[in-house]
4 protein chains.
Amino acid sequence: MLNIAIIGGSGYTGGELLRLLVNHPEVRINLVTSVQSAGRPVHEVFPGLKGHIDKIFEPFVPDEAAKKADIFFLALPAGGSAGPVSRLISMGKRVIDLGPDFRLRRSEAYKTWYKFEHPNPSLLSGAVYGLPEIYRMEIKPARLIANPGCYPTSIILGLAPLIKSGALIEDQIIIDSKSGVSGVGRSPSLPYHFPEVNEGIEAYKLGNHRHIPEIEQELSLLGEKRVTVSFTPHLVPMSRGILSTIYVKQKSAMETDGLRGIYSDFYRDEPFVRIMEGEALPNPRSLRGANFCDIGVYHDKRTGWTTILSAIDNLGKGASGQAIQNMNIMMGFEESMGLNIPGLFP
Amino acid sequence: MLNIAIIGGSGYTGGELLRLLVNHPEVRINLVTSVQSAGRPVHEVFPGLKGHIDKIFEPFVPDEAAKKADIFFLALPAGGSAGPVSRLISMGKRVIDLGPDFRLRRSEAYKTWYKFEHPNPSLLSGAVYGLPEIYRMEIKPARLIANPGCYPTSIILGLAPLIKSGALIEDQIIIDSKSGVSGVGRSPSLPYHFPEVNEGIEAYKLGNHRHIPEIEQELSLLGEKRVTVSFTPHLVPMSRGILSTIYVKQKSAMETDGLRGIYSDFYRDEPFVRIMEGEALPNPRSLRGANFCDIGVYHDKRTGWTTILSAIDNLGKGASGQAIQNMNIMMGFEESMGLNIPGLFP
Amino acid sequence: MLNIAIIGGSGYTGGELLRLLVNHPEVRINLVTSVQSAGRPVHEVFPGLKGHIDKIFEPFVPDEAAKKADIFFLALPAGGSAGPVSRLISMGKRVIDLGPDFRLRRSEAYKTWYKFEHPNPSLLSGAVYGLPEIYRMEIKPARLIANPGCYPTSIILGLAPLIKSGALIEDQIIIDSKSGVSGVGRSPSLPYHFPEVNEGIEAYKLGNHRHIPEIEQELSLLGEKRVTVSFTPHLVPMSRGILSTIYVKQKSAMETDGLRGIYSDFYRDEPFVRIMEGEALPNPRSLRGANFCDIGVYHDKRTGWTTILSAIDNLGKGASGQAIQNMNIMMGFEESMGLNIPGLFP
Amino acid sequence: MLNIAIIGGSGYTGGELLRLLVNHPEVRINLVTSVQSAGRPVHEVFPGLKGHIDKIFEPFVPDEAAKKADIFFLALPAGGSAGPVSRLISMGKRVIDLGPDFRLRRSEAYKTWYKFEHPNPSLLSGAVYGLPEIYRMEIKPARLIANPGCYPTSIILGLAPLIKSGALIEDQIIIDSKSGVSGVGRSPSLPYHFPEVNEGIEAYKLGNHRHIPEIEQELSLLGEKRVTVSFTPHLVPMSRGILSTIYVKQKSAMETDGLRGIYSDFYRDEPFVRIMEGEALPNPRSLRGANFCDIGVYHDKRTGWTTILSAIDNLGKGASGQAIQNMNIMMGFEESMGLNIPGLFP
């Protein structure tokens, strides 16, 4: 059995890691930490886990923690991972960081977009961006995984086949994403107070969402060319789920059927990407609790615009599910172990 | 007192007309018809109206109906208005049609987009598109108002200032709209069954939504040039509200402040269009039951794309509120009479 | 025009007072205060009010405030009204307190249920419980109105006809209430964070909700006999609305039709209480934004239990609507002035 | 591998059976039928199952079906199972009926409550009521399981410890249940159209819900005495979940701690019943997709009433989860096989 630790386990991604890992056949959860909930039983903070795990949230002391696990999942706020990761790695531990601290390759980008000076820029080059569909080979031996952001996961998977083949006009990529509220985390604040979210929909962080540099970095690497995107996130009154609607112009337009062929080929061997057929369109409602990314493509001959729809569960493939997929790859387990779960419906 | 009739009054737009008109100081609701609910008291179908109106839904017999009212609001399914409108007009009545039968100027467009042969193409040229901010002068004397669709209202108001001034590149207009479920009407069917809508979001009618020709017709008239748009509607788990996120490229880029100036000037005297200031962004949650359209603009220097956000209540400014605004203009009442109501919050 | 002030105006009851009063024909809103939002324009905190009011939230300084208005609406947290009310009354102002500080007649009850020592017990006897259907005559000349709690309003109106006539077995009254989330106020905290409320329902404050003494006090006065109730509130994933399901045993059982007769007679002249007929049952969905209380009664011959269903909008008849109704009575305005609005639907 | 068939598999309980059984290690789904969806791939009707099952919905022909499976799950409308069950049993098959046709022991009860003449009254005595916590021994060898209704499951489990010990006054049991919308099934109709359910809560079927005779039958058997209950179901705007709030009077009052002891003892060895501790109260939100029943008890010394709160997922322990638990018992599999899944949160 592999001993794992979850650092920062009382938020939504922590809870989803716990929910999935209690049933993972090769894993023992040996440590769960939380600043706010230290001392409380896990099932008090997550009543649904009662009977599944009897751990207590502990404070996080890196040197102590290192004795208890071989793989560390970090679910900490932006800027919170850089320090502990360095210590854990130096003690020979492998880390899957669900936060943003190691996703960007250029340390200056943290200054520009996250407004902090990265404390460990030297670690950035060694981190592997944990999107298995793109970096599976690099993930296998990695010591430090930067688990992708939720929006970037939906968007990069949605665009990869066309970006990689150079089929798109690079400066005409418009991304309109819609997210459920768990995407903003579990800390209460006025904009996410129930009556403020319910019965409305709104855009936020126009032009300055922190996932922009992550999306552009990965698309540029895939396309081997500087890619700039217009990205606008929206908050939707639902608990989980992301739908990204992506508008692109092809250099030489392929129609819907051809596009589906491209996507099906690109993701042929992927266990967690599904290409929609017939009239069906992706909807995160069918993905709650699952690790899938559902993708639909449509080319509008009349306007010349191509639309890509990409749906995930922000806590599944967009965070904790993907982190476990990464762990499975790193450890040589079957990649879908503990993850082959259909989404809840309804 | 003006006698009015509501034809097809048991759906959501009918209900909203009733809700607003029971308190309109110059109007007497003299007839409310419904095929399905004929014979039932209005307050049985709309319990909230109990004590506000004691009418019974009647069957619609045009010649009888004509005796009871001077202005007719029609809230009938697509294709259902063309016949009765002709009869009512010929009897000297004025009609505000909330359906789509008179919104398109070219009868062939009905064949292409609505899949029916328009039975009264000769009436099309006489109909006035009832968007007061654009056609106020024509609405005043009109005998037949084609009340705009909900999506088109949000979109045309959002684009008018820039389209009219010729500031936009005409083939780079991407519209991503999000609507609450009342927009699909009150007829139950599987996709709108509560558990099928709740906790999800999906695009629908990719490339073939019937509001496309309406949007393009009006934008082309405003821009005096053929305008083509990419329009993708989405269904959001909320009862009311539309948010349209519109992505455009300016020929010569003005920044956010300049754009706000343009919009504020354009809508300076409009009682029902509000331009967002500071950090505020439009959200239909603040518009429920109101006749306002809230518009935000943002220019992203980094990408060169400009984003316009336009929010309405699909049953308010997107249907029944706007219909009453049209009636007020036609009758010479104060334009905001019966409509000067802040949206419900929360 | 009557000058009024709203003290503590940035929460949900404050917002609803503003929403309703901007259109009240006899009122000028002359002062709106808020601790947290002092200095901010009202429309920044309530975007739906943009164009309806151009006030700025001010700090609350009683002596300054007293110069600006004749009637004061107080929407302050428990324990916050007692001080200011005393000062305002002494300056000849009339006060409608939407908080709980003057609802209970016995000062010890504040110690037991609210855990504070009442600072002004001498004012308690002069306060009038502002439920117009029971205390209309006392409200008219009152200087201090204790506006009823939301749950109590639904419950007292639901029980009054049977309690007053002595028809019920006093110790067999079970009240199961369900409330939307705005009932807990606008301060964010974990239990009301969107994903924690959505897709669930739960009971809370079993046996110790602060509305219990208020309910029992008023029912005991009505019944002229000590009445004890079992009251259990539940939180429902909706923004507004209360449904109270009340189970009682009649001493000598009247059947459904007879009961409806009793209720219709009792509330015959009431503008804001409606008794359901036929198969219809009360649902707060039809009451959003309205000042009505809808009541249904049903006697089950098989079990001998009688069920009373009572629905309100917790911010309407359950708070701000009722406060305005009280103001109308106090000032001799028409009682339904500014309140005769059908609920939003859907 | 056990071959199983799902008859009537395109509704919500059918979908949940499929979702759970695709991962059951001992089961092969060999047949899925549907009248409405015959000929369509399962994943078209349940997009979340894409990649998990590649069956096509078939029409149901009992003699053909009998060749394909050994255990039959029937998820048919009331009155639809009686015929097929008889045929399947006669061919030696074992049946788990998720409908109500075999839950009541007295055939006349079907006439009174379901308004149909039971076609196979002779089978009623042989059917076993599939509530494992009460009838585990009888379930093991049973040929025909009447899988309990969703409300009855929550209520009987909530009351069993006190009813069985004779602790309650039998005619003072008040049950106020709240259900998500999936409980009414997947057939669209106006009351369950999204905008009609959203933002409201209502009671329905006062005094005549069909689960009443089922609840009373089982409580009477447990208590060895005629038990009558007042049962009022409510519809809540959420997709899944039931919370039953049950008010009882004890003959000789035990307090909260004593009650918890009784419940913990009664359910000590049960894998799927959890008794709440400390301040925690049951909430179906933590049970979505799970097979648990969470129970809380509280005695109010002040009023003498005892409150029991019982929460389940109506599609889990309230239907499909419980059906699989029954199958596991019948087949001698580990009882929690395929069911040991924590509920989704959030």
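Residues numbered from 1 in each chain as written. Chains lettered and ligands numbered in written order. Predicted model: local features only at pLDDT ≥ 70, side-chain atom pairs only at ≥ 80, totals over all residues. Heavy atoms only, no water.

Caption draft 1: Highlighting the overall build of chain A. A tally of helices and strands in chain A yields 12 helices and 13 strands. The C-alpha atoms of chain A give a radius of gyration of 20 Å, which matches the 20 Å a tight globule of 346 residues would have. On the principal axes, the C-alpha backbone points of chain A span a range of 60 × 45 × 40 Å. By the burial criterion, 66% of the 346 residues in chain A qualify as buried. Residue pairs at least 24 apart in sequence account for 71% of intrachain contacts in chain A once pairs closer than 6 positions are excluded. Put simply, chain A shows about 11,100 Å² of open surface, and 50% of that area lies on carbon and sulfur atoms. Between the mean site of the 36 positive side-chain charges and the mean site of the 36 negative ones, chain A shows a separation of 3 Å. (Helix = DSSP H or I, 4+ residues; strand = E, 2+ residues; numbered from the N terminus. Rg over C-alpha atoms; globule rule 2.2 N^0.38 Å. Buried < 20%, exposed > 50% of the residue type's maximum accessible area, 1.4 Å probe, protein only. Contact = heavy atoms within 4.5 Å. Areas by Shrake-Rupley, 256 points an atom, 1.4 Å probe, with all protein chains shown as cover. Lys, Arg positive; Asp, Glu negative; His and termini not counted. Charge placed at Lys NZ, Arg CZ, Asp CG, Glu CD.)

Caption draft 2: Here's a closer look at the relation of the copies chain B and chain A. The two copies are related by a screw motion: chain B maps onto chain A through a turn of 180 degrees and a shift of 0.0 Å along the axis, at an RMSD of 0.0 Å. These values place the two chain copies in the arrangement generated by a two-fold rotation axis. Taken together, the interface assignments show that 100% of the residues at the interface of chain B recur at the interface of chain A, consistent with an identical surface on both copies. (Least-squares fit on C-alpha atoms with pLDDT ≥ 70 in both.)

Caption draft 3: Expanded view of helix α4 (residues 82-90) of chain B. Residues and elements named next belong to chain B. For α4, every residue scored as buried is listed here: Ala 82, Pro 84, Val 85 and Leu 88. Projected down its long axis, α4 shows its buried positions confined to an angular sector of 160 degrees, all on one face. Tucked into the core, α4 has its buried residues touching α3 (62-66), β3 (71-74), β4 (94-97), α6 (121-124) and β6 (144-146). Looking at the residues trailing α4, positive phi occurs at Gly 92, about 85 degrees. (Arc of directions from axis to C-beta.)

Caption draft 4: Representation of unusual backbone geometry in the model. At the junction of Phe 345 of chain A and Pro 346 of chain A, the peptide bond is cis and its omega measures out at -5 degrees in the coordinates. Secondary-structure assignment places Pro 346 of chain A in the segment after α12 (316-331). For Glu 224 of chain B, which is not glycine, the phi torsion reads 55 degrees and is therefore positive. Mapped onto the elements of the fold, Glu 224 of chain B is located in the loop between α10 (211-223) and β9 (230-235). On the basis of relative accessible area, Glu 224 of chain B is assigned to the exposed category, the value being 74%. Positive phi, normally seen in glycine, also occurs at Lys 115 of chain D, with a value near 65 degrees. Among the secondary structure elements, Lys 115 of chain D is positioned in the loop between α5 (107-114) and α6 (121-124). The exposed category is assigned to Lys 115 of chain D, whose relative accessible area is 65%.

Caption draft 5: Summary view of the domain arrangement of chain A. All names here are of chain A. Split into domains, chain A comes out as domain 1 (2-126) and domain 2 (151-314). The gap between the C-alpha centroids of domain 1 and domain 2 is 27 Å. Each side of the interface is counted separately: domain 1 has 14 residues, and domain 2 has 15 residues. Of the roughly 1,300 Å² buried between domain 1 and domain 2, counting both surfaces, carbon and sulfur atoms make up 53%. Interface area lost by domain 1 to domain 2 is led by Tyr 12, Arg 103 and Trp 113, which between them contribute 47%. Counting the contacts that link domain 1 with domain 2 gives two salt bridges. Among the salt bridges present, the one from Arg 103 reaches Glu 214, with a minimum N-O distance of 3.3 Å. Linking domain 1 with domain 2 are seven residue pairs in polar contact (both at pLDDT 80 or more), by the criterion used here. (Domains from an automatic or database assignment. Buried area = accessible area lost by both parts, 1.4 Å probe. Salt bridge = Lys/Arg side-chain N within 4 Å of Asp/Glu carboxyl O. Polar contact = N/O pair within 3.5 Å; in protein donor to acceptor, adjacent residues only side chain to side chain.)

Caption draft 6: Fine view of the packing of aromatic side chains. Per the stated rule, a full pass over the model turns up 41 aromatic pairs over all chains. On the basis of an interplanar angle of 80 degrees and a centroid distance of 6.2 Å, the ring pair of Tyr 129 of chain A and Tyr 135 of chain A is categorised as edge-to-face. Exposure class is identical for Tyr 129 of chain A and Tyr 135 of chain A. Each is buried. A connected cluster of aromatic rings, assembled from ring pairs, spans Phe 345 of chain A together with Tyr 12, Phe 46 and Phe 57 of chain D. Its end group placed over the ring of Phe 292 of chain A, Arg 274 of chain A keeps NZ or CZ at 4.0 Å from the ring centre. (Phe/Tyr/Trp six-rings, centres within 6.5 Å; stacked < 30°, edge-to-face > 60°. Lys NZ or Arg CZ within 6 Å of the ring centre and 35° of its normal.)

Caption draft 7: Structural view of helix α4 (residues 82-90) of chain A. Those residues of α4 of chain A lying buried are Ala 82, Pro 84, Val 85, Leu 88 and Ile 89 of chain A. Residues of α4 of chain A that are buried sit in contact with α3 (62-66), β3 (71-74), β4 (94-97), α6 (121-124) and β6 (144-146) of chain A.

Caption draft 8: Main features of the environment of Arg 87 of chain A. All names here are of chain A. By the secondary structure assignment, Arg 87 is in helix α4. Not counting residues within four places of it along the chain, the set of residues in contact with Arg 87 comprises Pro 62 and Asp 63. Here the side chain of Arg 87 touches Asp 63 through a polar contact of 2.7 Å, side chain to side chain.

Caption draft 9: Spotlight on the pairing of strand β13 (residues 306-312) of chain B. Residues and elements named next belong to chain B. Of all the seven residues making up β13, seven are buried; the element is thus mostly covered by neighbouring parts of the structure. The alternating pattern of β13 places Thr 306, Ile 308, Ser 310 and Ile 312 and Thr 307, Leu 309 and Ala 311 on opposite faces, both of which are buried. Summarising the sheet, strand β12 (residues 293-299) and β13 pair through seven bridges and their orientation is antiparallel. Bridged to Val 297 within β13 is Ile 308. (Pairing = 2+ DSSP bridges.)

Caption draft 10: Highlighting the relation of the copies chain C and chain A. For the match of chain C to chain A, the screw axis carries a shift of 0.0 Å, the RMSD comes to 0.0 Å, and the turn is 180 degrees. An overlap of 100% is found between the interface residues of chain C and their copies at the interface of chain A, pointing to a shared contact surface.

Caption draft 11: Expanded view of the interface of chain B and chain A. Contact residues are listed per partner, giving 51 residues for chain B and 51 residues for chain A. Interface area, chain B with chain A, both sides summed: about 4,100 Å², of which 57% is carbon and sulfur. Interface area lost by chain B to chain A is led by Glu 199, Ile 201 and Arg 302 of chain B, which between them contribute 17%. Counting every contact that joins chain B to chain A gives six salt bridges. One can count 28 residue pairs in polar contact (both at pLDDT 80 or more) joining chain B with chain A.

Caption draft 12: Inspection of the interface of chain C and chain A at higher detail. Listed as interface residues are 19 residues of chain C and, on the opposing side, 19 residues of chain A. Summed over both partners, the interface of chain C with chain A comes to about 1,600 Å²; 59% of that surface belongs to carbon and sulfur atoms. Ranking the residues of chain C by area buried against chain A places Pro 188, His 193 and Phe 194 of chain C at the top, with a combined share of 38%. Taken together, the connections running from chain C to chain A amount to two salt bridges. Between Glu 196 of chain C and Arg 186 of chain A there is a salt bridge; the shortest N-O distance is 2.8 Å. The tally of links from chain C across to chain A stands at 10 residue pairs in polar contact (both at pLDDT 80 or more).

Caption draft 13: Inspection of the sheet that holds β13 of chain B at higher detail. The seven strands are arranged β8-β9-β7-β10-β13-β12-β11 (chain B) in an open sheet whose pairing can be described as mixed. Edge positions in the sheet fall to β8 (202-203) and β11 (273-275) of chain B, since each has one partner strand and no second.

Caption draft 14: A look at the side chain of Ser 286 of chain A. Its location among the elements puts Ser 286 of chain A in the loop between β11 (273-275) and β12 (293-299). When its relative accessible area of 8% is taken as the criterion, Ser 286 of chain A is described as buried. Ser 286 of chain A has contacts with Gly 343 and Leu 344 of chain A together with Pro 47 and Gly 48 of chain D, leaving out every residue within four places of it along the chain.

Caption draft 15: Structural detail: the pairing of strand β2 (residues 27-33) of chain A. Counting buried positions along β2 of chain A yields five of seven residues, so the element is predominantly enclosed. The parallel pair strand β1 (residues 2-7) of chain A and β2 of chain A, bridged by helix α1 (residues 12-21) of chain A, forms a crossover whose chirality is right-handed. (Right-handed = clockwise from strand over helix to strand, strands pointing away.)

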